[in-house]
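# Architecture and fold: a report
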Amino acid sequence: MTRHVALVLLVLLPALSCGNGVSGIATFDEACAIVPDCLATGTVVELEPLAWVLATRAADGAVTFANVRAISVEASRGVPAGPSGGTHLLAGLDATGAPVNGQWLSFPVTALLEGRDEHAVVELEGAISAVGYVRLTPEVVELALLDADEAVLARAPLPPPNEEEEDDVATEGSAAGLRQALNRRIGTSCAHIHILAGNHERHLIRGAAEESAPIVPPGPAQRAVLQAAMNLAGEHFCSGTARIVLADYLGTPQWQSRGFQAAWTGDLIQLNVGYVEDGIRVFSEEELAGSPVRRAQFLRLVLHEMGHAFAALLETRGDVSSGQWTAAGRNHGLSVRRFARVTRDFGAHWGTMHQSFVDAGFAEPYAATRERGAYSAEQVVSTGAMNHYGSTQIGDDICEVAAWTLTRRHFDRIGVTRTARHVREDYACEAMNDYTEGDLPARFASIYTKLWLLHDLGVLSEAAVRDCTGPHVGLRPSAPGFTFLQDGTVLRHHRDDPSRPNASASRLSLRASGFIEFDGLRRAFTEIDVPGHAGFVEGWPRGIFALNTSLASFTVTVPDEPAANLIGTVGYILIARANTNQRDGSLFLTRAFRPDAPVPVPQGFDPPLVVRFHDNHPLPLD
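Residues numbered from 1 in each chain as written. Predicted model: local features only at pLDDT ≥ 70, side-chain atom pairs only at ≥ 80, totals over all residues. Heavy atoms only, no water.

### Let's talk about the overall build of the protein chain
Across its full length, the protein chain holds 15 helices and 24 strands. Per-residue burial over the protein chain gives 59% buried out of 622 residues. Restricting to contacts in the protein chain with at least 6 residues of sequence separation, those with at least 24 account for 67%. Working note: accessible area of the protein chain is about 23600 Å², and carbon and sulfur atoms make up 53% of it. (Helix = DSSP H or I, 4+ residues; strand = E, 2+ residues; numbered from the N terminus. Buried < 20%, exposed > 50% of the residue type's maximum accessible area, 1.4 Å probe, protein only. Contact = heavy atoms within 4.5 Å. Areas by Shrake-Rupley, 256 points an atom, 1.4 Å probe, with all protein chains shown as cover.)

Written out as structure tokens, the structure reads:
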């Protein structure tokens, strides 16, 4: 598709839908009706009570309960995942004083301030807050904050029952109450998120990047976009976010001078509705009410910041206690990572995965915005990222892949198909949808692998991933075992008795048998083995790995005809998916060695030999 039409759209859309600040929207229902995904389909679901707990750690290290409230969430699926480690424990105690359930608490140490093309990291000082959750099961009689040795540091009574009813949807006075009631009605996984209703809730953002700016009560259009973001977020994506605040930083020079749009601090997202672009407060209630383009941009911004909070949830910071807390609870953080087979340091896992494509020449290292600013859309896709901003560092790479994959259809609906920067930037998705030749070209291998990792972590649905990759990009065929192809022609299949990888090992090994033609049909065993290394401690490797190194091997063993044994020496192994239920990848081989031939000889493949591998044996999480 030509991109010349895009420039016309870019000129017309602001004139058609931005800047007039005039809106006939008076209620949330009216706003929700014009925001796609705001009124997601759903039914009333089984609910369970939960204690929403805001804990504060003072500068001297003392921890206290700052706020406790009861909320209702969807049973099991709506209970937020907790971190897999932390400095303290939030627990529900039974009548004997024993922990029944709860979560680790991990207090943030820095805040991230983000602008259009840059960010700044702020060290946090003084009191810092974090949110955790306790299931209010019948056994729980009291709440407590514990240290790693389970010594009680603070106690709090159970909150009074949540009395919000579905009729609150019609109430315009409380953004938080309306959000909770609406979420209960449609069964979202984000019902725990508290949207601050105004300055009277300032005590809920202790430890934020900037605490002094006015808190803006969200208007109908702003609430509708926030609701759409929560409806779009995957099952676990919302778990990292507990608080969202709209603030007006127009009068705060350190924000406006660098064009900051948002900030993220632990589980707290701050959205700057005073952000000015070309003289327009683009995320104000008036602008969102009158502009579908601005609503789509605000939606992407919200999901981007939620991406930072989710990535932080999967991190294990250096200050985390080495203690092990085994009380039954809703500590999903660890199980989510176990399913996806990521490491204790999610950012390092992602970075090592990206670096593997850099080493193979299929991507470029992360670079500063000023270096990437001159890249075209095609060039930035070749870096292995979604867009310019995503190509600058690990955290923004994660967030841009997630946010644009989830929101790209919003831009389709309002007619923004191809535009210049800062309006629509799902460049990698566009490029893959334009591709029609089939298979997985090297230039898309990095983004393809990243998409499926976010799927395995519960951020993206399979439909969202395939919408981004398009109908022609992917690894095919995907039958269990190994499929050998050369120049697009299937040579043979090895699908018998595919072996199950060791569920506890930080390596990925797959093996299956079949037949090859070597002086008659002979049984052959095909195996790949990719062990972990420093970046993949306690997790399976993902990415692309060169053969003939200590990191990747490919062998074909023929017990009855050793002369046919083969060891891959030049080529790559791509591991595109690696979770407890499915492992997928491809081998690209140009040269091999037959060590047991009468005269050991090398063997070349021109065109290259391609071997697809797929294993769908479910594995235990432990």
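### Brief notes about the pattern of salt bridges
The full count for this structure, using the stated rule, is 25 salt bridges. Two residues, aspartate 467 and arginine 408, come together in a salt bridge whose shortest N-O distance is 2.9 Å. Of the two residues, aspartate 467 sits in helix α15 (residues 462-469) while arginine 408 sits in helix α12 (residues 394-413), which places them 59 residues apart along the sequence. The buried category is assigned to arginine 408, whose relative accessible area is 4%. One network of salt bridges, with partners in common, ties together Arg408, Arg409, Asp412, Arg424, Asp426, Glu430 and Asp467. (Salt bridge = Lys/Arg side-chain N within 4 Å of Asp/Glu carboxyl O.)

### Focus: the sheet that holds strand β1 (residues 47-57)
Judged by pairing direction, the sheet is antiparallel, and its three strands sit side by side in the order β2-β1-β7 without closing on themselves. A strand with exactly one partner marks an edge of an open sheet, and here the two such strands are β2 (63-74) and β7 (128-135). Each adjacent strand pair in this sheet contributes to an overall mean axis angle of 25°, direction not counted. Sheet topology note: the β1/β2 ladder contains eleven bridges and is antiparallel. Paired with proline 49 across the two strands is serine 72, which belongs to β2. (Pairing = 2+ DSSP bridges. Axes fitted to C-alpha atoms, helices over the stretch in contact; angles between N-to-C directions.)

### Remarks on the pairing of strand β13 (residues 268-272)
Where burial is concerned, most of β13 is hidden: five out of the five residues are buried. Side-chain alternation along β13 places Leu268, Gln270 and Asn272 on one buried face and Ile269 and Leu271 on a second face that is also buried. Bridge count for strand β11 (residues 243-247) against β13 is five bridges, and the pairing is parallel. When the bridges of β13 are listed, isoleucine 244 appears paired with isoleucine 269. Direction of pairing for strand β12 (residues 260-265) relative to β13: antiparallel, over a ladder of four bridges. Note that in β13 the partner of tryptophan 264 across the bridge is isoleucine 269. Connecting β12 to the antiparallel partner β13 that follows it, the hairpin turn spans two residues, and glycine 266 within it adopts a positive phi of roughly 60°.

### A short note on the state of the cysteines
This structure, assessed with the given rule, holds three disulfides. Through a disulfide, cysteine 32 is tied to cysteine 38; the S-S separation comes to 1.8 Å. Residues cysteine 32 and cysteine 38 are joined by a disulfide whose S-S torsion is about -105°; by sign, that bridge is left-handed. A residue is classified by how much of its surface remains accessible, and cysteine 32, at 2% relative accessible area, is buried. (Disulfide = S-S within 2.5 Å.)

### Details of the pairing of strand β19 (residues 521-531)
As paired strands, strand β18 (residues 507-517) and β19 are joined by eleven bridges and run antiparallel to one another. Considered in β19, the bridge of phenylalanine 515 is made with arginine 523. Following β18, the chain reverses through three residues before pairing antiparallel with β19; aspartate 519 in that reversal takes a positive phi of roughly 55°. Note: β19 against strand β21 (residues 553-557), five bridges, orientation antiparallel. Across the sheet, glutamate 527 pairs through a bridge with threonine 555, a residue of β21.

### Considerations on the side chain of glutamine 261
Along the polypeptide, glutamine 261 turns up in strand β12. Here glutamine 261 falls in the buried class, since its relative accessible area comes to 10%. The residues contacting glutamine 261, other than those within four sequence positions of it, are Glu114, Gly115, Arg116, Gln270, Leu271, Asn272, Tyr275, Phe283 and Leu301.

### Considering the nonpolar core
Counting residues in each nonpolar core, the largest one holds 89 residues, and the members touching the most others are Leu271 and Leu457. For this core, the element with the most residues is helix α7 (residues 292-313), which contributes ten residues. Non-local contacts of leucine 457, meaning those with residues more than four positions away in its chain, are made with His236, Phe310, Leu314, Val336, Ala340, Val342 and Phe346. Listed in part, the 29 residues of the second largest apolar core include Val558, Ala578, Leu587 and Leu589. (Core = buried A, V, L, I, M, F, W, Y, C linked by side-chain atoms within 4.5 Å.)

### Focus: the sheet that holds strand β4 (residues 99-105)
The strands making up a sheet are joined through hydrogen bonds of the backbone, oriented either antiparallel or parallel. Spatially, the four strands line up as an open sheet ordered β4-β3-β8-β9, and their pairing is antiparallel. Since the sheet does not close on itself, it has two edges, and those belong to β4 and β9 (152-156), each with one partner. Averaged over all pairs of adjacent strands, the angle between their axes in this sheet comes to 25°, without regard to strand direction. Note: strand β3 (residues 88-93) against strand β8 (residues 142-146), five bridges, orientation antiparallel. Across the sheet, the residue bridging to alanine 91 is alanine 144, located in β8.

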